[in-house]
Amino acid sequence: DAKTTQPPSMDCAEGRAANLPCNHSTISGNEYVYWYRQIHSQGPQYIIHGLKNNETNEMASLIITEDRKSSTLILPHATLRDTAVYYCIVNSGGSNYKLTFGKGTLLTVNP
Amino acid sequence: DTAVSQTPKYLVTQMGNDKSIKCEQNLGHDTMYWYKQDSKKFLKIMFSYNNKELIINETVPNRFSPKSPDKAHLNLHINSLELGDSAVYFCASSPPGTGYSPLHFGNGTRLTVT
């Protein structure tokens, strides 16, 4: 699976949009981009995933560049409860489907 | 109505003991996983089972033995516990499909070996 690079930490003001970047320059054509987050002392939580088109759900939006070498997770109106470590993962799925978590980005939402 | 539940939440034990962690999912998923999160917060897959069959074993010591009595349960038994086994263990499940389905995680079992 392709490797991802994320900033170790970011801050965001409550109520503002949080934009979390991820680089995955070695992504291959059949690999999806997944985003998970882990709030302190809880299990990871799935947020969103996509292949090449931008995606939106009730939690967030995922913007994938046309060359697919990077993506941005957008939390449109961050709240204090969005403070967590956010993981960007690239995965090709298949019979040996497994997700490899990196270090992620610690997003701190400030009041 | 917890989707993926693990017991116990905390487990403190001494070196050399044998312990088990239980996991159950009520989502009707076919695939279940065990992940380990160490003190540096890295999450690493240990095992995955699909319909009670082992499909991933990530070079985990033989002291770790997963058991899946049915597709809703995946238990983790650890023999001869060592200090380095101290970590948070997460169970997860995913629905049937192409392998792109999101994982649903439990809230973890914090194992402390003294």
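Residues numbered from 1 in each chain as written. Chains lettered and ligands numbered in written order. Predicted model: local features only at pLDDT ≥ 70, side-chain atom pairs only at ≥ 80, totals over all residues. Heavy atoms only, no water.

Some remarks on the sheet that holds strand S7 (residues 64-70) of chain B
Residue and element names in this part refer to chain B. How we decide: In this description, strands pair whenever DSSP reports at least two bridges between them. Only DSSP runs of H or I covering at least 4 residues are called helices, and only runs of E covering at least 2 are called strands; the numbering of each starts at the N terminus. The convention used is that axes are lines fitted to C-alpha atoms, helices contributing only their stretch in contact, and that angles between N-to-C directions extend from 0 to 180 degrees.
The sheet built from four strands is open, its strands ordered S1-S3-S8-S7 with antiparallel pairing. Whereas interior strands pair on both sides, the edge strands pair on one side only; in this sheet they are strand S1 (4-7) and S7. The average angle at which neighbouring strand axes cross in this sheet is 20°, direction not considered. Two strands pair when backbone bridges link them, and S7 and strand S8 (residues 73-78) are joined in this way by five bridges, in the antiparallel orientation. Paired with Pro66 across the two strands is Leu76, which belongs to S8.

Focus: the state of the cysteines
The condition that has to hold: Defined by distance alone, a disulfide is two cysteine sulfur atoms within 2.5 Å.
Throughout the structure, instances matching the rule amount to two disulfides over all chains. Covalent S-S linkage joins Cys22(A) and Cys88(A), the inter-sulfur distance amounting to 2.1 Å. Measuring the twist about the S-S bond at about -80°, one finds the Cys22(A)-Cys88(A) disulfide to be left-handed. Taken as a pair, Cys22(A) in strand S2 (residues 18-23) and Cys88(A) in strand S8 (residues 84-91) lie far apart in primary sequence, 66 residues in all. The partner cysteine of Cys23(B) in its disulfide is Cys91(B), sulfur to sulfur 1.9 Å. A torsion of -80° about the S-S bond marks the disulfide between Cys23(B) and Cys91(B) as left-handed. One end of the pair, Cys23(B), is in strand S3 (residues 19-25); the other, Cys91(B), is in strand S9 (residues 87-94), with 68 residues separating them in the sequence.

Things to note about the interface of chain A and chain B
Interface size is commonly expressed as the accessible area that is lost once the parts come together. Which entries qualify depends on this criterion: By the convention used here, residues are in contact when the closest approach between their heavy atoms is within 4.5 Å. By definition, the buried area sums, over both parts, the 1.4 Å-probe accessible area that each loses when the two are put together. Salt bridges, as used here, are contacts in which a Lys or Arg side-chain nitrogen is within 4 Å of a carboxyl oxygen on Asp or Glu. Counting of polar contacts relies on pairs of N or O atoms within 3.5 Å, with two restrictions inside protein: one atom must be capable of donating a hydrogen and the other of accepting it, and residues adjacent in sequence are counted only when both atoms are side-chain atoms. Each residue receives one of three labels: charged for Asp, Glu, Lys and Arg, nonpolar for Ala, Val, Leu, Ile, Met, Phe, Trp, Tyr, Cys and Pro, and polar for the others, Gly being one of them.
On the chain B side, the residues contacting the 24 residues of chain A number 22 residues. For the pair chain A and chain B, the summed buried surface comes to about 1,800 Å²; carbon and sulfur atoms form 55% of the total. One can count zero salt bridges joining chain A with chain B. The tally of links between chain A and chain B comes to four residue pairs in polar contact (both at pLDDT 80 or more). Elements supplying a minimum of two residues to the side of chain A that touches chain B: strand S3 (32-38), strand S4 (45-50) and S8 of chain A. When residues in the side of chain A that touches chain B are grouped by element, the largest group, four residues, is from S3(A). When its residues are assigned to classes, the side of chain A that touches chain B shows nine nonpolar, 13 polar and two charged.

Examining the side chain of Asp30(B)
All names here are of chain B. Heads up, the condition is: Each residue is assigned to one of three classes by its accessible area relative to the maximum for its type, calculated with a 1.4 Å probe on protein chains only: buried under 20%, partly exposed between the two thresholds, exposed over 50%.
Tracing the sequence through the fold places Asp30 in the loop between S3 and strand S4 (31-37). Taking relative accessible area as the criterion, Asp30 reaches 13% and is therefore assigned buried. Of the polar contacts made by the side chain of Asp30, one reaches the side chain of Lys71; its length is 2.8 Å. Contact partners of Asp30, with chain neighbours within four places excluded, come to Tyr49, Asn50, Asn51, Lys71, Ser94 and Pro96.

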